[in-house]
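# Reading the structure
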Amino acid sequence: MESTARKLETEEVKVEKTQVSTMQSIFLGLQHVLAMDLFIPPIILAGLLSFSVPDSALLIQMTFIACGLATIIQAGFAMKLPVMQGPSFVPLSALAAIGTTSGIGAMIGSLIPGALLIAVLGYPLRVFSKVVRKFIPPIVAGTVIVVVGISLMPSAINSIYTAQGSFGTNMLVALITAAVLIFCMYVGEKAKTKLKYIKVAAVIFSLGIGSITASFFGLVDFSSVGTASWFQMPSIFAFGTPKFELDAILIMLSIYFIVTIETTGTWFTVGKVTEEELTDKRLNGGAFGEGLGCFVGSFFGGTPVTGYSSNAGIIAITGVKSRKPIIAGGVILLVLGMMPKLMNVIASIPSVVINSVFAILCVVIMMNGFKVIKEVPFTERNMLVIGVSIMAAMFAVLMPADILSGLPSLVTYFISSGTATGAITALVLNLVLPQKREDSSLVSNPSVNLN
């Protein structure tokens, strides 16, 4: 009798945590959106593609809309877990390589086949869950996350050196921006009072103070903000119609597989936080939602979407495990994506400020990967998988431009992405290098994501 009462009491607490009013959902959804920093990837991609400020603003706008639609699809109909979808850092260098060599149409066209394949692997084939359990152990997931951080770091640092303005000015602005971000992250992590919430807004604070600092040196230009409209409906293929080139499609297929490694970590994080079991049905549903979200998002341009694990932290802090705030967050992203004036404000942030923040985020990404790896036994075999994969990524990142330009286009796209090179190396080495039975006992799925 007592155990039955205790069970009922537990169920009541669980139900109480999941019952959220509409106003609470909107407030919590806005909090989830503010914690995502999802404008960083499109800004970086726009910089790599040498977009103008208005085009950069349009890319950010379309990314918000794509992420909003993907979030509603994933949380509302597909996986049915509180998973926020945001742009992935993983494909940035590959997309930039495709866009600069073959055009924006080829870049957009390369996104569509891979998205459809991921969706089909989830439903109707229902084999995605088997692929995850076989090919994505923690050593592969952790190594991929480390490789993402390391391979993107040189781009962030070089962009600071080459940004508009003198070297001394750029370094001063970069140091102030990075210092504010580090301070906010540290204080937010250590504080036991309301100051702990400063970590949620750390990126916003650092971008704001960095932009104010840059404005004293004439590095900020908000002229496009005044001419931008307050509201604008989204447009399909705003950057041109897609072109389907086989080389670009093949490289993006490999990139999509890497993105699924990234997003699988988020799913397991959210599953643990919400105490929901990730069954094969849920994994396959997640793949279907991820693929469908990326497919819909490709019509607006931008990067493939992925689950953001930072939102799992908000769920843990608030104790609200309902999907309603996440769906509300998706709607908020759609609304924000229809406000060009706001997007132009974001696009006007100086590149030196953006890349200062991006450089610190690369460090965070890399260290999150090491968090996953530390759970794996450090045998000689595992050290080879990790170390050689990182070395392969650096070979790709540091390859001289004259050598890279002489390679076939498919190889160029692949080598241009240190992430793709390192990730595929980790996957292959993990499959071909034999391991002792006692070293393979750790088969749980990763629970740390790079976002």
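Rules behind the numbers
Residues numbered from 1 in each chain as written. Predicted model: local features only at pLDDT ≥ 70, side-chain atom pairs only at ≥ 80, totals over all residues. Heavy atoms only, no water. UniProt positions renumbered as here; feature names shortened; annotations may be inferred. Helix = DSSP H or I, 4+ residues; strand = E, 2+ residues; numbered from the N terminus. Contact = heavy atoms within 4.5 Å. Areas by Shrake-Rupley, 256 points an atom, 1.4 Å probe, with all protein chains shown as cover. 1 Å grid on protein atoms, 1.4 Å probe; cavity = no way out; pocket = protein on both sides within 12 Å on 5 of 7 lines; lining within 4 Å. Points joined across faces, edges and corners; volume = space filled by probe spheres on them. Nonpolar A, V, L, I, M, F, W, Y, C, P; charged D, E, K, R; others polar. Expected span 1.5 Å × (residues − 1). Buried < 20%, exposed > 50% of the residue type's maximum accessible area, 1.4 Å probe, protein only. pLDDT = per-residue confidence, 0-100. Core = buried A, V, L, I, M, F, W, Y, C linked by side-chain atoms within 4.5 Å. Patch = residues over 30% accessible without salt bridge, like charges linked within 9 Å, V, L, I, M, F, W, Y side chains within 5 Å. Salt bridge = Lys/Arg side-chain N within 4 Å of Asp/Glu carboxyl O. Lys, Arg positive; Asp, Glu negative; His and termini not counted. Charge placed at Lys NZ, Arg CZ, Asp CG, Glu CD. Arc of directions from axis to C-beta. Axes fitted to C-alpha atoms, helices over the stretch in contact; angles between N-to-C directions. Left-handed = near helix turned anticlockwise from the far one by under 90°. Phe/Tyr/Trp six-rings, centres within 6.5 Å; stacked < 30°, edge-to-face > 60°. Lys NZ or Arg CZ within 6 Å of the ring centre and 35° of its normal.

- An unreviewed UniProt entry lists the protein chain under the name Purine permease, with Robertmurraya kyonggiensis as the source organism.
- For the protein chain, the Sequence similarities (unreviewed entry) comment in UniProt is given as "Belongs to the nucleobase:cation symporter-2 (NCS2) (TC 2.A.40) family."

## Some details on the overall build of the protein chain
- For the protein chain, the count of helices and strands is 21 helices and two strands.
- Contacts in the protein chain between residues at least 24 apart in sequence constitute 86% of all its contacts with a sequence separation of at least 6.
- When the accessible surface of the protein chain is totalled, it reaches about 19600 Å², and 67% of it is carbon and sulfur.

## Describing the layout of surface pockets
- Roughly 740 Å³ of volume is contained in the second largest pocket.
- Surrounding the second largest pocket, 29 residues form its lining, Ile43, Gly47, Pro350, Ser351 and Asn355 being those nearest its centre.
- A total of five residues in the lining of the second largest pocket trace back to one element, the largest contributor, which is helix H3 (residues 40-48).
- Its residues assigned to classes, the lining of the second largest pocket shows 15 nonpolar, 13 polar and one charged.

## Let's talk about helix H6 (residues 104-122)
- With 19 residues, H6 extends 29 Å from end C-alpha to end C-alpha; this agrees with the ideal 27 Å at 1.5 Å per step.
- Across the 19 residues that make up H6, a large majority, 14, are buried.

## Details of the confidence of the model for the protein chain
- On average, residues of the protein chain score 79 in pLDDT, and 84% of them are at 70 or above.
- The low-confidence segment residues 1-17 (pLDDT under 50) makes three contacts with residues lying over four places distant or belonging to another chain.
- Here residues 441-450 is modelled with pLDDT under 50, and outside its nearest four sequence neighbours on either side it reaches 37 contacts, counting other chains as well.

## Let's talk about the nonpolar core
- With 117 residues, the main nonpolar core has Phe39, Ile40, Phe89 and Leu207 as its most contacted residues.
- Beyond its immediate chain neighbours, meaning those up to four positions away, Leu207 contacts Phe39, Ile40, Ile349, Val353, Ile354 and Val357.

## A few points about the environment of Gly122
- Structurally, Gly122 can be placed in helix H6.
- When the C-alpha positions of Gly122 and Asp280 are compared, they lie 9.6 Å apart, and in sequence the two are 158 residues distant.
- Beyond its immediate chain neighbours, meaning those up to four positions away, Gly122 contacts Phe128, Asn284, Ala287 and Phe288.

## Comments concerning a positive patch on the surface
- Together, Lys80, Arg126, Lys281 and Arg323 make up a positively charged patch on the protein surface.
- Mapped onto the secondary structure, Lys281 falls in helix H13 (residues 280-298).
- Residue class for Lys281 comes out exposed when judged on its relative accessible area of 65%.

## A word on a nonpolar patch on the surface
- The grouping of Leu172, Ile212, Phe216 and Phe217 at the surface amounts to a nonpolar patch, some 440 Å² of accessible area in total.
- Here Phe217 is to be found in the loop between helix H10 (202-215) and helix H11 (223-227).

## A closer look at empty space enclosed by the protein
- Counting across every chain of the model gives three cavities of 30 Å³ or more.
- For the largest cavity, the calculated volume is near 60 Å³.
- Taken together, twelve residues form the lining of the largest cavity, with Cys294, Gly297, Ser298, Thr303 and Pro304 sitting closest to its centre.
- The dominant element in the lining of the largest cavity, judged by the number of residues it contributes, is H13, at four residues.
- Looking at the lining of the largest cavity residue by residue, the class counts come to six nonpolar, six polar and no charged.

## Describing H10
- With 14 residues, H10 should reach 20 Å at 1.5 Å per residue; the first-to-last C-alpha distance of 20 Å fits that figure.
- Among the residues of H10, those classed as buried are Ala202, Val203, Ser206, Leu207, Gly210, Ser211, Thr213 and Ala214. One side of H10 holds all its buried residues, which, seen down the axis, span an arc of 160°.

## Remarks on unusual backbone geometry
- In the segment running from Tyr123 into Pro124, the intervening peptide bond is cis, with an omega of 15°.
- Backbone geometry at Lys80 places phi at a positive 60°, although glycine is not the residue there.
- Mapping Lys80 onto the fold places it in the loop between helix H4 (53-78) and strand E1 (85-87).
- The backbone of Arg126 sits at a positive phi, close to 60°, despite the residue not being glycine.
- On the accessibility criterion, Arg126 (51% relative accessible area) is exposed.

## Examining the environment of Thr279
- Considering the arrangement of structural elements, one finds Thr279 in the loop between helix H12 (246-274) and H13.
- Residue class for Thr279 comes out partly exposed when judged on its relative accessible area of 30%.
- Taking the C-alpha atoms as reference, Thr279 lies 8.3 Å from Ser129; in sequence the two are 150 residues apart.

## Focus: the pattern of salt bridges
- What the rule picks out here adds up to two salt bridges.
- Across the salt bridge formed by Asp280 and Arg133, the nearest N and O atoms sit 3.1 Å from each other. Here the residue Asp280 occupies a position in helix H13, and Arg133 occupies one in helix H7 (residues 128-135), the gap between them amounting to 147 residues.
- Accessibility expressed as a relative area gives 38% for Asp280, which makes it partly exposed.
- A salt bridge links Arg282 to Glu276; the nearest nitrogen and oxygen atoms lie 3.4 Å apart.

## Considerations on the packing of H3 against helix H17 (residues 351-373)
- Here H3 crosses H17 at 120°, and the two axes come no closer than 11 Å. Read as a crossing pair, H3 and H17 show a hand that is left-handed. Contacts between H3 and H17 involve Ile40, Ile43 and Ile44 from the first element and Ile354, Phe358 and Leu361 from the second.
- Here the residues of the contact of H3 with H17 sort into six nonpolar, no polar and no charged.

## So, the packing of aromatic side chains
- As enumerated under the stated definition, the model contains six aromatic pairs in all.
- Through a chain of ring-to-ring contacts, the aromatic side chains of Phe237, Phe295 and Phe299 assemble into a single cluster.
- The ring of Phe135 carries the charged tip of Lys134 above its face, separated from the ring centre by 5.7 Å.

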